[in-house]
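Listed here are the chains, written in short residue letters.
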Amino acid sequence: MAGLNVHEAPVAGNEAVAPGVGVLVVRGAFAATPGQFYMVRAWGPYPLLARPFSVFDLDEESISFVYAVRGEGTRLLQTLSPGEGVNLFGPLGVGWQRAPGRIALVGGGMGLAPLYYAAKAFGSPADTYLGFSGRPFLVEKFAALGHKLFLASETGEGEGVERGLVTEIFDPRGYSACYACGPRAMLGALYKSCHAQGVPLWVSLEERMACGIGACLGCTVLTPHGPKRVCHDGPVFQAEEAFS
Ligand code: FES
């Protein structure tokens, strides 16, 4: 089943992990490098478009995606039961390559989605920093990897969670590279701190997508180096490319 293709596969699990947030597990042998995504579709003619989801987890038997219910497509994803079919198209986009040495993974909110598979695939030494607006979710999965895990939330809810922003608890000094996904403001702040310390930063940008293969230009973002298609030129970019 590996390779860039449309796969029709059965749902193996679909679990709520926070209000309006779920993890969809699809059975099958899929492929991806950390940071790549799939276009996912599991409904009739409406809504028309598949939705892009970063690979959250992957093993020999299944692939997982984290979704937030934000519209009709994700509302329909939430209703899927084990055994029902979904269409996956991918893997798509440019992912992350591991740098040697101790690395940091930094995620904000739903930006944690591509970081779990990256943390798992890249192995130690790696530290993970996650920031949330409210109560943290999916932290047990990250903690089970055995890497150091640092948590922040704007409300300070949860055990061992610092009140504040993830960018306030992350110091890039001592890391050989940083990998991040989250809101633009978070990535911009990270870029400043990493740049000041000479630490390379690779960011995964989130954008609405229609085709996922570089054809419709619907995901184009303007960068200081010209327009870039997030689905085809990214979603992973060197931060210099996106912000300087
Ligand atoms: Fe069509 Fe990126 S989604 S070009």
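Cut-offs and rules
Residues numbered from 1 in each chain as written. Predicted model: local features only at pLDDT ≥ 70, side-chain atom pairs only at ≥ 80, totals over all residues. Heavy atoms only, no water. Pairing = 2+ DSSP bridges. Helix = DSSP H or I, 4+ residues; strand = E, 2+ residues; numbered from the N terminus. Core = buried A, V, L, I, M, F, W, Y, C linked by side-chain atoms within 4.5 Å. Buried < 20%, exposed > 50% of the residue type's maximum accessible area, 1.4 Å probe, protein only. Contact = heavy atoms within 4.5 Å. 1 Å grid on protein atoms, 1.4 Å probe; cavity = no way out; pocket = protein on both sides within 12 Å on 5 of 7 lines; lining within 4 Å. Points joined across faces, edges and corners; volume = space filled by probe spheres on them. Nonpolar A, V, L, I, M, F, W, Y, C, P; charged D, E, K, R; others polar. Axes fitted to C-alpha atoms, helices over the stretch in contact; angles between N-to-C directions. Disulfide = S-S within 2.5 Å.

### Notes on the sheet that holds strand β4 (residues 51–54)
Working step 1: Taking strand neighbours across the sheet as the criterion, the 7 strands line up as β4-β3-β7-β1-β2-β6-β5 in an open arrangement whose pairing is antiparallel. The open sheet is flanked by β4 and β5 (57–58), the only strands paired with a single partner.
Working step 2: Where strand β1 (residues 5–18) meets strand β7 (residues 85–92), 6 bridges bridge the pair, whose relative direction is antiparallel. Bridging from a neighbouring strand, Asn5 pairs with Gly90 of β7.

### Considering the nonpolar core
Working step 1: Phe56, Val66, Leu112, Phe137 and Tyr179 are the most contacted members of the largest nonpolar core, which has 30 residues in total.
Working step 2: Of all the secondary structure elements, the ones that give two or more residues to this core are β2 (21–27), β6 (62–68), β8 (103–108), α2 (113–122), β9 (126–132), α3 (139–143) and β12 (177–181).
Working step 3: Here this core takes 6 residues from α2, the largest share from any one element.
Working step 4: Setting aside its immediate chain neighbours within four residues, Leu112 contacts Phe56, Leu130, Phe132, Phe137, Leu138 and Phe142.
Working step 5: The next biggest cluster of nonpolar side chains, apart from the first, holds 29 residues, and it includes Ala104, Cys194, Met209 and Cys219.

### Describing empty space enclosed by the protein
Working step 1: Summed over all chains, the structure comprises 1 cavity of 30 Å³ or more.
Working step 2: Here the largest cavity defines a volume of roughly 30 Å³.
Working step 3: In terms of lining residues, the largest cavity is bounded by Met209, Ala210, Cys211, Gly212, Gly214, Cys216, Leu217, Gly218, Cys219 and Cys231.
Working step 4: Residues that form the lining of the largest cavity fall into these classes: 7 nonpolar, 3 polar and no charged.

### Some thoughts on the sheet that holds strand β10 (residues 148–153)
Working step 1: Strand order across the open sheet formed by 7 strands is β11-β10-β9-β8-β12-β13-β16, with mixed pairing between neighbours. Only two strands of the sheet have a single neighbouring strand rather than two, namely β11 (161–163) and β16 (236–238). In this sheet, adjacent strand axes meet at a mean angle of 20° when their direction is disregarded.
Working step 2: Where β10 and β11 come together, 3 bridges link them in parallel fashion. Within β11, the residue paired with Ala152 across the bridge is Glu162.
Working step 3: Together, β8, β9 and β12 form the strand contacts of α2, whose direction differs from that of β8 by roughly 165°.

### Concerning the state of the cysteines
Working step 1: Enumeration according to the criterion identifies 0 disulfides in this entry.
Working step 2: Cysteine Cys181 shares no disulfide, and the gap to the nearest cysteine sulfur, in Cys178, comes to 12 Å.
Working step 3: For Cys181, a relative accessible area of 1% translates into the label buried.

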